[in-house]
Amino acid sequence: MEGKAKAKVEALTFLFSFLLLSFFSSAGADKPLEYQSLVLRPLGKNPSTKSELSWAETEIKIENLPLSEAEPTIALNLEHRDVLAFNATPEALFNLRLQRDKFRVESLSKMAAAAGGKGAGGNGTRGRGKDFSSSVTSGLAQGSGEYFTRLGVGTPPKYVYMVLDTGSDIVWIQCAPCRKCYSQIDPVFDPKKSVSFSGIACGSPLCHRLDSPGCNSKQSCLYEVAYGDGSFTIGEFSTETLTFRGTRVAKVALGCGHDNEGLFVGAAGLLGLGRGRLSFPTQTGRRFGRKFSYCLVDRSASSKPSSVVFGESAVSRTAVFTPLITNPKLDTFYYLELTGISVGGARVPGITASLFKLDAAGNGGVIVDSGTSVTRLTRRAYIGLRDAFRAGAANLKRAPNYSLFDTCFDLSGKTEVKVPTVVMHFRGAEVSLPATNYLIPVDTNGVFCFAFAGTMSGLSIIGNIQQQGFRVIFDLAGSRVGFAPHGCA
């Protein structure tokens, strides 16, 4: 019986692919497919590399950010973390990136699957405040698939690298004394040397906001966060001042971790940017209007800095917006309604909103995530997208599969090629992807792969490769997410 069922699935898949090919053949007779140019840059060709990590103390204004003239932004100069990867080849770093991405997707999928019975968190109060921004460091070219920022912790501030993560809520940092800590670039933060550090009592309402608060013999609130990849952090829950260059944000609830382990790669901690009640955007809602945005840059293709902006100026006038969807079982993730995908200017048959529906039990849905690199789509949607792209790129020489990628091309010897356009259709917003956001180099020999993948999980994830070059706006006050093209220029 199992053999018959498998044969039936294979037959249906073949039929679906045949219908797609027939569709594009007939569509081409009436309307030519739409193409765009892709300038080929092999893996590892970085336009700006420096021999050591440095930190510029001077404040700069990031040019062309979508900010109002009356509300200037404070920006930070950052270096890309690939300056630390002295002995690794570009291929090794890329494989590490894919490995970390696999852990990330598994972590988010497990989190979504285990979310039954978890209620939604509270919201901040809308208000206006001074805007600030901080440049973001991309881990893309060195294999981490994560983004980092530089900020000060405590009073006086001690500057450290922190991971920015829209898939997490808790803000935390490694603290001395360390019972077990992973290696980080900067000295471990010592709360005894900060006059603004304050512990939280077990009976405090702030302590009760934690999903599973603990209590020690001194009646101090304890926290524990475990991630799906096996990473974890444990310690005291406290409040502290964070400094983003000239902007000080007092009494931010954060974990002071004395026992930490996992794939955090050099950063001192994590700045949770999720929708939950303890995330940084929610905690600072009164001051920054519950709005923030980021623009992520692949530093292997551009020397422009990535950036994150909090406040009213985070909202771009050129953005297209789609409503946020609430998952009553999980308040952390940013859910969107994906209604379809076009390839070459034609909607892919079979990719409809029903494939991405978030049901009443909290299953399924589509989230936008800063920490996932490669976009994952439900298997049926991915097969449709992949086959449509293959049909439109039939003139390109195929290459063997690479890691999770099953659609690769040998473009060695070429400097530019034409590829079918790809547009993601969200409710109320169409996001047209640059070619570099979906056909990416995987080695130094001219092999490029289609940067989407299928997932057996019900959760689809819009990854940061597809977000690159867009200013992605999280307007919690307006319950919407926006995409502004050329947001990093």
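Structure: see above.
Structure report, in brief. Note that the coordinates shown come from a computational prediction; the quantities given were computed from them, not determined experimentally.

The end-to-end C-alpha distance of helix 2 (residues 90–113) is 35 Å, a good match for the 34 Å that 24 residues give at a rise of 1.5 Å each. By the burial criterion, the buried members of helix 2 are L93, F94, R97, L98, R100, D101, R104, V105, S107, L108, S109 and A112. In this fold, the buried residues of helix 2 make contact with strand 6 (158–165), strand 20 (366–368), strand 21 (375–378), strand 27 (439–441), strand 30 (460–462) and helix 7 (464–467).

On to the packing of aromatic side chains. Taken as a whole, this structure holds 17 aromatic pairs when the rule is applied. Relative to F280, the ring of F244 lies with its centre 5.6 Å away and its plane at 40°, an arrangement referred to as tilted. Here F244, found in strand 11 (residues 232–244), pairs with F280, found in helix 4 (residues 280–283); they are 36 residues apart in sequence, far enough to count as distant. Owing to a relative accessible area of 0%, F244 belongs among the buried residues under this scheme. Between F292 and F474, the aromatic rings sit 4.7 Å apart at their centres with planes inclined by 10°, giving stacked as the arrangement. Of the two residues, F292 sits in strand 14 (residues 291–295) while F474 sits in strand 31 (residues 471–475), which places them 182 residues apart along the sequence. Under the relative-accessibility criterion, F292 is labelled buried at 0%. An aromatic cluster is present here, built from F244, F280, F292, Y294, F310, Y334 and F474 joined pairwise through their rings. Above the plane of the ring of Y161 lies R150, whose end atom (NZ or CZ) is 4.5 Å from the centre. Above the face of the F409 ring, R398 is positioned so that its terminal group lies 5.9 Å from the ring centre.

Next up on the list: helix 6 (residues 379–392). Between its first and last C-alpha atoms helix 6 spans 20 Å; for 14 residues at 1.5 Å apiece the expected length is 20 Å, and the two agree. By the criterion of burial, helix 6 is predominantly enclosed, with ten of the 14 residues buried. Among the residues of helix 6, A381, Y382, I383, G384, L385, R386, D387, A388, F389 and G392 are the ones counted as buried.

Residue T155 is joined to P156 through a cis peptide bond whose omega torsion reads 0°. Here P156 is to be found in the loop between strand 5 (147–153) and strand 6. Omega for the bond connecting A176 with P177 falls within 30 degrees of zero, at 0°, which places this linkage in the cis form. Here P177 lies in the loop between strand 7 (172–174) and strand 8 (198–199). The phi torsion at R290 lies on the positive side, around 60°, for a residue other than glycine. Within the element layout of this structure, R290 appears in the loop between helix 5 (285–288) and strand 14. The buried category is assigned to R290, whose relative accessible area is 12%. Although it is not a glycine, S479 adopts a positive phi angle of roughly 50°. In this fold, S479 is placed in the loop between strand 31 and strand 32 (480–484). Judged by its relative accessible area of 32%, S479 falls in the partly exposed class.

Here the focus is the state of the cysteines. Tallied over the entire structure, the rule returns five disulfides. Each sulfur in the disulfide pair C202 and C215 lies 1.9 Å from the other. With the S-S bond torsion at 105°, the cross-link from C202 to C215 turns out right-handed. One end of the pair, C202, is in the loop between strand 8 and helix 3 (205–208); the other, C215, is in strand 9 (residues 214–215), with 13 residues separating them in the sequence.

Definitions and cut-offs
Residues numbered from 1 in each chain as written. Predicted model: local features only at pLDDT ≥ 70, side-chain atom pairs only at ≥ 80, totals over all residues. Heavy atoms only, no water. Helix = DSSP H or I, 4+ residues; strand = E, 2+ residues; numbered from the N terminus. Expected span 1.5 Å × (residues − 1). Buried < 20%, exposed > 50% of the residue type's maximum accessible area, 1.4 Å probe, protein only. Contact = heavy atoms within 4.5 Å. Phe/Tyr/Trp six-rings, centres within 6.5 Å; stacked < 30°, edge-to-face > 60°. Lys NZ or Arg CZ within 6 Å of the ring centre and 35° of its normal. Disulfide = S-S within 2.5 Å.

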